[in-house]
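Observations on the three-dimensional arrangement
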Amino acid sequence: MAPTLLDRVTPTAVGLVSRAWVLREVAAVPGLSAARRAEIVDQLCSYQPPRKHGLRDNFIAWMVMLGGAMVFNWLDLPGWIGFLLGLIGLVVVARVLMLRVLRWRLAQLLTGDRNTAVEDAPR
């Protein structure tokens, strides 16, 4: 299962990770049949981790972006650059966390433990 151009632009349920990344991760696992690989790819692409603390995370994100804009204004630089840098930083952090969660879920699917408790998720 080689990733196509369409796979590279098709997001998974988490949004920041493409289907091509999932295909590469599953292809790296040795000893799986083609049917099992397709099943795992579908499960990973549709997996959405539980979302907790949305209000807190939203508050932190706005403080980072607005704080960046204020710091850049204080330095007599355009504030939108600080806002944009804060936004890019948050997107990078979110992607790293999503990759970590999807790798954790892949390990859970490979061990056959489909009834994993929410508390076991990586933080």
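Above this note sits the structure.
Residues numbered from 1 in each chain as written. Predicted model: local features only at pLDDT ≥ 70, side-chain atom pairs only at ≥ 80, totals over all residues. Heavy atoms only, no water.

**Topic: the overall build of the chain**
When helices and strands are tallied, the chain shows 5 helices and 0 strands. The helix and strand sequence of the chain, counted from the amino end, reads α-α-α-α-α. Computed over C-alpha atoms, the radius of gyration of the chain comes to 18 Å, more than 25% over the 14 Å expected from 2.2 N^0.38 for 123 residues, which places it beyond the range of a compact globule. Within the chain, the proportion of its 123 residues that are buried is 31%. Within the chain, contacts between residues separated by at least 24 positions form 47% of all contacts whose residues are at least 6 apart in sequence. (Helix = DSSP H or I, 4+ residues; strand = E, 2+ residues; numbered from the N terminus. Rg over C-alpha atoms; globule rule 2.2 N^0.38 Å. Buried < 20%, exposed > 50% of the residue type's maximum accessible area, 1.4 Å probe, protein only. Contact = heavy atoms within 4.5 Å.)

**Structural notes on a nonpolar patch on the surface**
A cluster of nonpolar side chains, Leu16, Trp80, Leu84, Leu85, Leu87, Ile88, Val91, Val92 and Val96, forms an exposed patch at the surface whose accessible area comes to about 810 Å². Residue placement: valine 92 occurs in helix α5 (residues 79–111). (Patch = residues over 30% accessible without salt bridge, like charges linked within 9 Å, V, L, I, M, F, W, Y side chains within 5 Å. Areas by Shrake-Rupley, 256 points an atom, 1.4 Å probe, with all protein chains shown as cover. Salt bridge = Lys/Arg side-chain N within 4 Å of Asp/Glu carboxyl O.)

**Remarks on the nonpolar core**
The biggest cluster of nonpolar side chains holds 19 residues, and the ones touching the most others in it are Val17, Val22, Val26, Leu44 and Leu102. When residues of this core are traced back to their parent elements, those giving at least two are α2 (19–27), α3 (34–46) and α5. Of the residues forming this core, the biggest block, 7 residues, is contributed by α5. (Core = buried A, V, L, I, M, F, W, Y, C linked by side-chain atoms within 4.5 Å.)

**Looking at the pattern of salt bridges**
In this structure the tally under the stated criterion is 5 salt bridges. In this structure, the salt-bridge partner of aspartate 7 is arginine 19, at a minimum N-O distance of 3.4 Å. Of this pair, aspartate 7 sits in helix α1 (residues 5–9) while arginine 19 is found in helix α2, placing the two residues 12 residues apart along the sequence. Residue classification places arginine 19 among the partly exposed positions, given a relative accessible area of 24%. Linking arginine 19 and aspartate 42 is a salt bridge whose minimum nitrogen-to-oxygen distance equals 4.0 Å. With arginine 19 in helix α2 and aspartate 42 in helix α3, the pair connects residues that are 23 residues apart, well separated along the chain. Judged by its relative accessible area of 44%, aspartate 42 is partly exposed. Connected through shared salt-bridge partners, Asp7, Arg19 and Asp42 make up one network.

**Focus on the packing of α2 against α3**
Relative to each other, α2 and α3 sit at 140°, their axes nearing to 10 Å. Comparing their axes, α3 and α2 come out oblique. Between α2 and α3 the crossing geometry is right-handed. Of α3, the residues touching α2 (which contributes Arg19, Val22, Leu23, Val26 and Ala27) are Arg37, Ile40, Val41, Asp42, Leu44 and Cys45. Considered class by class, the residues forming the contact of α2 with α3 number 8 nonpolar, no polar and 3 charged. (Axes fitted to C-alpha atoms, helices over the stretch in contact; angles between N-to-C directions. Parallel < 35°, antiparallel > 145°, perpendicular 65-115°, else oblique. Left-handed = near helix turned anticlockwise from the far one by under 90°. Nonpolar A, V, L, I, M, F, W, Y, C, P; charged D, E, K, R; others polar.)

**Concerning the packing of α3 against α5**
Running from N to C, α3 and α5 point in directions that differ by 140°, and their axes come no closer than 11 Å. As far as their axial angle goes, α5 and α3 are oblique. When the axes of α3 and α5 are compared, the crossing they make is right-handed. Contacts from Arg36, Ile40, Gln43 and Leu44 of α3 reach α5 at Leu102, Arg105, Leu106, Leu109 and Leu110. Its residues placed into classes, the contact of α3 with α5 shows 6 nonpolar, 1 polar and 2 charged.

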